[in-house]
Amino acid sequence: MIRYANELDIPGIKEIADSHKKELGFTNIAIIRDAQQHNQIIIIEQDNILVGFIRFRLRKDDVAVIYEIVVGPKRTGYGSQLIHHFIRIAGESNKQYIRLKCPIELAANSFYKKMRFHLIGSEVGKKRELNIWQYVINPS
C-alpha cells in the first residue's frame, strides 16, 4: 500500500534513511517531521511494514522535486511503484517536470534512466558530484 506518511511513520522513515547513510548522508529527523506535516512524504508498506519512502516538494512553478527515494534492502519493485505513484501526484498537481539529483557514483542512476528520467546535467555538490535527472510528465 502506498500512502502519505503519518506521525507514527516517522521513526520507521528515519530508520530506513539511516540504513542508507552512504547514499543520503545524515538525515535530520526534524526535516522528516516537517515533510510529514506538509504531506511531502509518501511511504510504501508490505504487510503493514514500512519498506520505503519518497520525500518531495511540489514547487509553485511547474516542477516537482524528489529529495530522497529509499527502499529497504532486497525490496525489488518498490522504488518503481513509488516513482509511478509520485508521477501521478505531480501530474494531478499540474506539474510538468520531476527533477532530482543523485551522486554520480551511485547505482541509482541506472534506476532513474530505466524509469525514463533524462540526464540534463551535473553539478558539484557539497561533498561529491551530482547528476541532475528530469522526468517529463505527459510529454507531447
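Shown above is the structure to which this text applies.
Computed from a prediction, not measured in an experiment: that's the story for all the values here. (Residues numbered from 1 in each chain as written. Predicted model: local features only at pLDDT ≥ 70, side-chain atom pairs only at ≥ 80, totals over all residues. Heavy atoms only, no water.)

(A) Summary view of the overall build of the protein. Looking only at helices and strands, the protein features 5 helices and 7 strands. Listed N to C, the secondary structure of the protein is β-α-α-α-β-β-β-α-β-α-β-β in terms of helices and strands. Against the 2.2 N^0.38 benchmark of 14 Å for 140 residues, the protein shows a C-alpha radius of gyration of 14 Å, consistent with a compact globule. With the C-alpha coordinates aligned to their principal axes, the bounding extent of the protein is approximately 40 × 35 × 30 Å. When burial is assessed residue by residue, the protein has 41% of its 140 residues classed as buried. Restricting the contact set of the protein to residue pairs at least 6 apart, pairs at least 24 apart contribute 55%. The positive charge centre, built from 21 side chains, and the negative charge centre, built from 15, are 4 Å apart in the protein. (Helix = DSSP H or I, 4+ residues; strand = E, 2+ residues; numbered from the N terminus. Rg over C-alpha atoms; globule rule 2.2 N^0.38 Å. Buried < 20%, exposed > 50% of the residue type's maximum accessible area, 1.4 Å probe, protein only. Contact = heavy atoms within 4.5 Å. Lys, Arg positive; Asp, Glu negative; His and termini not counted. Charge placed at Lys NZ, Arg CZ, Asp CG, Glu CD.)

(B) Up close: the pattern of salt bridges. Tallied over the entire structure, the rule returns 8 salt bridges. Salt-bridge contacts for Glu45 lead to Arg3; the nearest nitrogen and oxygen are separated by 3.0 Å. Of this pair, Glu45 sits in strand E2 (residues 41-46) while Arg3 is found in strand E1 (residues 2-4), placing the two residues 42 residues apart along the sequence. A salt bridge links Asp18 to Lys14; the nearest nitrogen and oxygen atoms lie 3.0 Å apart. On the criterion of helical spacing, the pair formed by Asp18 and Lys14 is a turn pair, its members being 4 residues apart in helix H1 (residues 10-18). The exposure class assigned to Asp18 is partly exposed, which follows from its relative accessible area of 27%. Overall, Lys14 belongs to the buried group, its relative accessible area being 15%. Shared partners join several salt bridges into a network, and the residues in it are Arg3, Asp9 and Glu45. (Salt bridge = Lys/Arg side-chain N within 4 Å of Asp/Glu carboxyl O.)

(C) How the structure looks around the packing of aromatic side chains. Following the criterion strictly, the structure yields 5 aromatic pairs and no others. Relative to Phe86, the ring of Phe56 has its centre 4.7 Å away and its plane inclined at 50°; by these criteria the two rings are tilted. Here Phe86 lies in helix H4 (residues 78-92) and Phe56 lies in strand E3 (residues 49-58), a separation of 30 residues in the sequence. Residue Phe56 is classed as buried on the basis of its relative accessible area, which comes to 2%. Taking the ring centre of Tyr97 as reference, the NZ or CZ of Arg99 above it sits at 5.6 Å. (Phe/Tyr/Trp six-rings, centres within 6.5 Å; stacked < 30°, edge-to-face > 60°. Lys NZ or Arg CZ within 6 Å of the ring centre and 35° of its normal.)

(D) Highlighting the pairing of strand E4 (residues 63-71). Counting buried positions along E4 gives 7 out of 9 residues, so the element sits mostly inside the fold. When E3 meets E4, the two strands line up antiparallel, connected through 7 bridges. Following the sheet pairing, Gly52 is matched in E4 by Val71. Here E3 folds back onto E4, and the loop between the two strands holds 4 residues. Bridge analysis of E4 against strand E5 (residues 97-103) gives 4 bridges, and the strand direction is parallel. By the bridge assignment for E5, Ile66 is matched with Leu100. (Pairing = 2+ DSSP bridges.)

Functional significance is not addressed by these values, which are geometric in nature.
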